[in-house]
Amino acid sequence: MEETKARLRKVLVDSLELSVEPSDVPDHGLVQALGLDSINTIEFLIWVESEFDVEIADEDLSIKLIDDLDLLAAYVKDRMDRSGTPTA
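Predicted model only: the values in this text are computed from it and were never measured. (Residues numbered from 1 in each chain as written. Predicted model: local features only at pLDDT ≥ 70, side-chain atom pairs only at ≥ 80, totals over all residues. Heavy atoms only, no water.)

Trainee: Sorry if this is basic, but what is going on with a nonpolar patch on the surface here?
Mentor: Nonpolar side chains collect at one region of the surface, where Ile42, Ile46 and Trp47 lie side by side and expose about 320 Å² of accessible area between them. With respect to the secondary-structure elements, Ile46 resides in helix α3 (residues 38-52). (Patch = residues over 30% accessible without salt bridge, like charges linked within 9 Å, V, L, I, M, F, W, Y side chains within 5 Å. Areas by Shrake-Rupley, 256 points an atom, 1.4 Å probe, with all protein chains shown as cover. Salt bridge = Lys/Arg side-chain N within 4 Å of Asp/Glu carboxyl O. Helix = DSSP H or I, 4+ residues; strand = E, 2+ residues; numbered from the N terminus.)

Trainee: What's the story with the environment of Asp27 in this structure? I'm lost.
Mentor: Considering the arrangement of structural elements, one finds Asp27 in the loop between α1 (2-15) and α2 (30-34). Placed 44 residues apart in sequence, Asp27 and Leu71 show a C-alpha to C-alpha distance of 9.4 Å. Each residue touching Asp27, except ones within four places of it in the same chain, is listed here: Lys5, Arg9, Asp67, Asp68, Leu69 and Asp70. Reaching out from Asp27, the side chain makes a polar contact with the side chain of Lys5 at a distance of 3.1 Å. (Contact = heavy atoms within 4.5 Å. Polar contact = N/O pair within 3.5 Å; in protein donor to acceptor, adjacent residues only side chain to side chain.)

Trainee: Help me out: how do you make sense of the environment of Leu18 in this one?
Mentor: Within the secondary structure, Leu18 sits in the loop between α1 and α2. You can call Leu18 partly exposed: its relative accessible area is 22%. Aside from chain neighbours lying at most four places away, what touches Leu18 is Leu12, Val13 and Leu34. (Buried < 20%, exposed > 50% of the residue type's maximum accessible area, 1.4 Å probe, protein only.)

Trainee: I tried to follow the pattern of salt bridges on my own but got confused; where do I start?
Mentor: Side-chain pairs of opposite charge can arise where the charged atoms are in close proximity. For the structure on display, the rule yields 8 salt bridges. The salt bridge partner of Asp27 is Arg9, with a shortest N-O separation of 2.1 Å. With Asp27 in the loop between α1 and α2 and Arg9 in helix α1, the pair connects residues that are 18 residues apart, well separated along the chain. Among the residues examined, Asp27 registers a relative accessible area of 23% and is labelled partly exposed. Across the pair Asp81 and Lys77 runs a salt bridge whose closest N-O atoms are separated by 3.2 Å. Of this pair, Asp81 and Lys77 both sit in helix α5 (residues 69-83), separated by 4 residues, roughly a single helical turn. The class for Asp81 is partly exposed, based on a relative accessible area of 45%. Take Lys77: its relative accessible area is 31%, and that puts it in the partly exposed class.

Given below as structure tokens:
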């Protein structure tokens, strides 16, 4: 799970060209801490789908999922397990 969270942090920083180190991205409260708006969050999720070769279902999209790396990492891992994508 920690490796997935580390990859998510890197994807977040790279995809949105943030001026913070991935290690400085908090586990919780991402939207407020990083000043994310709806466009940023959609762009981030598109990158997550590409990076992890998963599809985030429309019905699963929520601010809660985007705002919490623990939830997002668990969601991504679950989607990877379901699709048979190897976990790193």
